[in-house]
Number of protein chains: 2
Amino acid sequence: MKRTKVVDALACTDFGKDINVKGWVRSHRSSKAVDFIALNDGSTIKNIQVVLNPSDFDEELLKGITTGACINVTGTLVESQGAGQASEVQCRELEVYGLCPGDYPMQKKGQSFEYMRKYAHLRLRTNTFGAVFRIRHNMAIAVHQYFHDHGFYYFHTPLITASDAEGAGEMFQVTTLDLTRTGRDGAPVPYERDFFGKKTSLTVSGQLEGELGATSLGAIYTFGPTFRAENSNTPRHLAEFWMIEPEVAFMDKDELMDLEEDFIKYCVRWALDNCKDDLEFLDKMIDKTLLQTLESVVKEDFVRLTYGEGIRILEQVVKEGHKFEFPVTGWGMDLSSEHERFLVEEYFKRPVIMTDYPSEIKAFYMKKNADGKTMQGTDVLFPRIGEIIGGSVREESHDKLVDEIKARGMEPESYGWYLDTRKYGSCPHAGFGLGFERLMLFVTGMQNIRDVIPFPRTPKNAEY
Amino acid sequence: MKRTKVVDALACTDFGKDINVKGWVRSHRSSKAVDFIALNDGSTIKNIQVVLNPSDFDEELLKGITTGACINVTGTLVESQGAGQASEVQCRELEVYGLCPGDYPMQKKGQSFEYMRKYAHLRLRTNTFGAVFRIRHNMAIAVHQYFHDHGFYYFHTPLITASDAEGAGEMFQVTTLDLTRTGRDGAPVPYERDFFGKKTSLTVSGQLEGELGATSLGAIYTFGPTFRAENSNTPRHLAEFWMIEPEVAFMDKDELMDLEEDFIKYCVRWALDNCKDDLEFLDKMIDKTLLQTLESVVKEDFVRLTYGEGIRILEQVVKEGHKFEFPVTGWGMDLSSEHERFLVEEYFKRPVIMTDYPSEIKAFYMKKNADGKTMQGTDVLFPRIGEIIGGSVREESHDKLVDEIKARGMEPESYGWYLDTRKYGSCPHAGFGLGFERLMLFVTGMQNIRDVIPFPRTPKNAEY
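The structure presented is a predicted model; accordingly, all values stated were derived computationally and were not measured.

A. Representation of helix 5 (residues 207–217) of chain B. All names here are of chain B. Taken across its 11 residues, helix 5 has 11 buried, putting it largely inside the fold. Every buried residue belonging to helix 5 is among Q207, L208, E209, G210, E211, L212, G213, A214, T215, S216 and L217, and all of these are buried. Trailing helix 5 by a residue or two, G218 shows a phi angle of about 100 degrees, which is positive.

B. Spatial organisation of the state of the cysteines. Residues and elements named next belong to chain B. Here the structure, examined in full by the defined rule, presents 0 disulfides over all chains. C267 provides the cysteine sulfur closest to C275, a residue in no disulfide bond, and the two sulfurs are 11 Å apart. Residue class for C275 comes out buried when judged on its relative accessible area of 3%.

C. Local environment of the sheet that holds strand 3 (residues 48–52) of chain B. Residues and elements named next belong to chain B. On the basis of which strands lie adjacent, the closed barrel formed by 5 strands has the order 1-2-3-5-4 and mixed pairing. When strand polarity is set aside, the average angle formed by the axes of neighbouring strands in this sheet is 55 degrees. Where strand 1 (residues 18–29) and strand 4 (residues 70–79) come together, 7 bridges link them in antiparallel fashion. Across the sheet, residue V21 finds its bridge partner in strand 4, namely V73.

D. A look at the relation of the copies chain B and chain A. You can overlay chain B on chain A at an RMSD of 0.0 Å; the transform is a turn of 180 degrees with a shift of 0.0 Å along its axis. The relationship between the two copies is best expressed as a two-fold rotation axis. Considering only C-alpha atoms, the residue of chain B closest to the rotation axis is V174 of chain B, which sits at 2.4 Å. Looking at chain B, 100% of its interface residues are interface residues in chain A too, so the copies touch through the same face.

E. A look at the interface of chain B and chain A. If you look at the interface, chain B gives 117 residues, while chain A gives 117 residues. Roughly 9,400 Å² of surface becomes buried between chain B and chain A when both sides are summed, with 63% attributable to carbon and sulfur atoms. It is H156, F250 and Y424 of chain B that lose the most area in chain B upon contact with chain A, and together they represent 8% of the buried surface on that side. Where chain B meets chain A, there are 4 salt bridges. The shortest N-O distance in the salt bridge between D103 of chain A and K423 of chain B comes to 3.3 Å. The interface formed by chain B and chain A holds 47 residue pairs in polar contact (both at pLDDT 80 or more) in total. Counting residues per element, the side of chain B that touches chain A draws most heavily on helix 4 (residues 127–149) of chain B, which supplies 11 residues. Here the residues of the side of chain B that touches chain A are counted per class, giving 56 nonpolar, 37 polar and 24 charged.

F. Quick peek at the packing of helix 4 of chain B against helix 13 (residues 436–444) of chain B. All names here are of chain B. The geometry of helix 4 relative to helix 13 is characterised by a closest axis approach of 10 Å and an angle of 125 degrees between their N-to-C directions. Compared by their axis directions, helix 4 and helix 13 come out oblique. The handedness of the crossing between helix 4 and helix 13 comes out as right-handed. Contacts from V132, I135, R136, M139 and A140 in helix 4 reach F436, E437, L439, M440, V443 and T444 in helix 13. Considering only residue class, the contact of helix 4 with helix 13 consists of 8 nonpolar, 1 polar and 2 charged.

G. Highlighting the side chain of K265 of chain A. Note on placement: K265 of chain A falls in helix 6 (residues 253–274). Residues within four places of K265 of chain A in sequence aside, it is in contact with V297, V298, E300, D301 and F302 of chain A.

H. Looking closely at unusual backbone geometry. Residues and elements named next belong to chain B. Phi at K349 takes a positive value of approximately 55 degrees, unusual for a residue other than glycine. The phi torsion at R384 lies on the positive side, around 70 degrees, for a residue other than glycine. Relative to the helices and strands, R384 resides in the loop between strand 14 (378–382) and strand 15 (386–394).

I. The sheet that holds strand 16 (residues 429–435) of chain A, seen in detail. Residue and element names in this part refer to chain A. Judged by pairing direction, the sheet is mixed, and its 8 strands sit side by side in the order 6-10-11-16-15-14-13-12 without closing on themselves. The open sheet has two edge strands, strand 6 (153–154) and strand 12 (303–306), and neither has a second partner. In terms of strand pairing, strand 14 (residues 378–382) meets strand 15 (residues 386–394) through 3 bridges, oriented antiparallel. Along strand 15, the bridge assignment pairs F382 with G386. In this fold helix 13 (residues 436–444) packs onto strand 10 (219–227), strand 11 (240–249), strand 14, strand 15 and strand 16, with an angle of close to 55 degrees to the strand it touches most, strand 16.

J. Representation of the pattern of salt bridges. Considering all chains together, one arrives at 49 salt bridges over all chains under this definition. Put simply, E463 of chain B and K198 of chain A hold a salt bridge, and the shortest N to O gap is 2.3 Å. Linking E463 of chain B in the segment after helix 13 with K198 of chain A in the loop between strand 8 (173–175) and strand 9 (200–202), this pair reaches from one chain into another. The class of E463 of chain B is partly exposed, set by a relative accessible area of 35%. The salt bridge partner of D258 of chain A is R304 of chain A, with a shortest N-O separation of 2.9 Å. A residue pair is termed long-range when its members are at least 10 positions apart, and D258 of chain A in helix 6 and R304 of chain A in strand 12 qualify at 46 residues. Counted as one network, the salt bridges with shared partners bring together D258, E261, K265, D301 and R304 of chain A.

About the criteria used
Residues numbered from 1 in each chain as written. Chains lettered and ligands numbered in written order. Predicted model: local features only at pLDDT ≥ 70, side-chain atom pairs only at ≥ 80, totals over all residues. Heavy atoms only, no water. Buried < 20%, exposed > 50% of the residue type's maximum accessible area, 1.4 Å probe, protein only. Helix = DSSP H or I, 4+ residues; strand = E, 2+ residues; numbered from the N terminus. Disulfide = S-S within 2.5 Å. Pairing = 2+ DSSP bridges. Axes fitted to C-alpha atoms, helices over the stretch in contact; angles between N-to-C directions. Least-squares fit on C-alpha atoms with pLDDT ≥ 70 in both. Contact = heavy atoms within 4.5 Å. Buried area = accessible area lost by both parts, 1.4 Å probe. Salt bridge = Lys/Arg side-chain N within 4 Å of Asp/Glu carboxyl O. Polar contact = N/O pair within 3.5 Å; in protein donor to acceptor, adjacent residues only side chain to side chain. Nonpolar A, V, L, I, M, F, W, Y, C, P; charged D, E, K, R; others polar. Parallel < 35°, antiparallel > 145°, perpendicular 65-115°, else oblique. Left-handed = near helix turned anticlockwise from the far one by under 90°.

This is the structure we're talking about:
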């Protein structure tokens, strides 16, 4: 008999029909007259209730129906007597696919997230992580749907690279050399024998390659893994994370801000429209302001604010007595997450797109304004997160770009292919980067970035 | 004035209206009375024709309008007099965004693919590679759309891993150690000082982690980069490529074959429905049987054939005089691509799903049949490609899996988390892997796998 998914069985009102459901036991309550089994198959956070008369089944069989066991149930779909569920299954045939011994690490409810991180392969079977990873799927689908509908091409930039991009962070080296034989007290590494014949690393950003795509295909986006070898053991850092980086030819600063705002609202609205049950669970269990925060982001226009205006506001509130942990030192300072969140959560009570940062605190490829000291950046600051998007118009002048590269002590020779886009038919263009896990933190209300990716990679941790 | 994409301008019949188009010059023909500029912006393989009266424009400006230059054109949309195009732009204002010097490597038409591979950052601006990468986008979107519509969750498995998966291939090592100081004539590598505190590598397959997802969320798919450090300089091998790996709880062999056939037909149909112009170009320029091959795959039922039957057919045709390069040695042999393509292209003239291979020539996790010598594999063999999908039912018995791991000289201790799925609530399940670039070769008709990924990684090649 063909299996019905739990999500479909719960929505079905064709009472009296035969039905087959399969899944994992969330709980099993027994009594003399009746047994109740809460069954989940991952298709929804909700369980379907399986009801059976214990005298119809083998006692040993029923003893095996413990939390975590996997079973196959055939019976009749009936209207549920209980509150909050439409249908349940009156069980006629029962098969155990897999028992679950008593040392099952996910047996108890209410384990800490820290405990569950040690069992990343089994935490997927809990309510919270089921919800998080169904939402993660939906956010990824929203990303693809949005860009596809808007004429962007998904563009696969390389993971292994001989370029160090923008010097955006510490890199992992990739090698096939025998590490017991590579070096001797500082002697040169024999890269000529390495797989690629030179030193290679894992990418820290696909942006520069993405620009190659945008300046030929018109509008592209990347969505793939990105790496930082930073020894940061914080709830905000991962060594391996997923980035989304659209790049668009012929786009100016205003259009870029429109794109950023429209895109992120689309993703949040998608979650509200498609992940209702999971969000309601997280709103109840993780963050009681979650749904309200998501709904307000979708509704409100984002504030558009220059960096200079932002600094003036921070200086003003400090004068009025507001205390920040990190000092507000005036124009030229790099904002901390604390400052960003103050502007968003307390001052404007809305997301902010901050523009026109000082050039020195931003990357070399960002287009300078006519004043020579600010650049056409467009970062999006979000409640609870701080910077969720970093964007800018890109410098399209070959000569200005070379000057900037030199001024920063970098070597133009290392950027030959990148500079070629400015040498041959250069075009104005712009783009942004969004850390997918930051979006996930925002949309789920989870506090630790290790809890929104299935198998987090952090210092000293690469299990699975 | 708001830019109109070339794809939209060509479809517009609102003649007489003002229009702005931007893009790269594909060709510029001048005469005394009229200039014709073929303009492309990556949104379609088709160019829009820009027509201008040279006496209305500065001579120096017009001299800069060479192949590869980037320009901004405002004018009137008019009905085209030429064949094969509906509309063109009568130019009123013209701005050059970026000149293109005479050493532009993509200036000449008809360069070899080998030549163009040296300019992977500029080949994107050619007709062929524009077509290929628009199709690549569409195939990726088809993958996501199919699985989303069928209730699968996109599941991000890790790229950096301390596990060696199935021993599926040579691995790249990932490290932050200073290679000039790691080893001295075979002394142990100080992994305790490495970023993850142990030896780590780039994944060769996300399947084992994917099974963790399937046995909790029900049905998942991966779609991400995968790595093989094999020193193979062939038109079929990449060191970095993209894999799609669905895994489904409660799926049996027949359902798996249905999924494989339905999925791949969906992707090919998507290409036919959404990439018409690009496919027609490739059919004309690259492979004159392309459209016909794609259409036949969508129409025909795939043959379902056991390995044993396949071997008997091959033995029979050898007896009848057919010559193969690789010998047909009978039951137990590993089929070569030549044998697979013979069955598909000459014998059945249809795709084949081959099942029930000898266990010894397949991976440890595949479920054995009751005969003890064959397994429930379901590989899809395709014209021009050979094996395009490798699938199987997975062994769900903990004890059988441990026995198989030991029998192959592997260590069960290294697979603790994988075996946990069989220890705690094990369920029958199945899945397959599809190399995305193999699908791309099939759908585009291209011959070399380096020409269907933007920045190919191969031995001694990691530019960009």
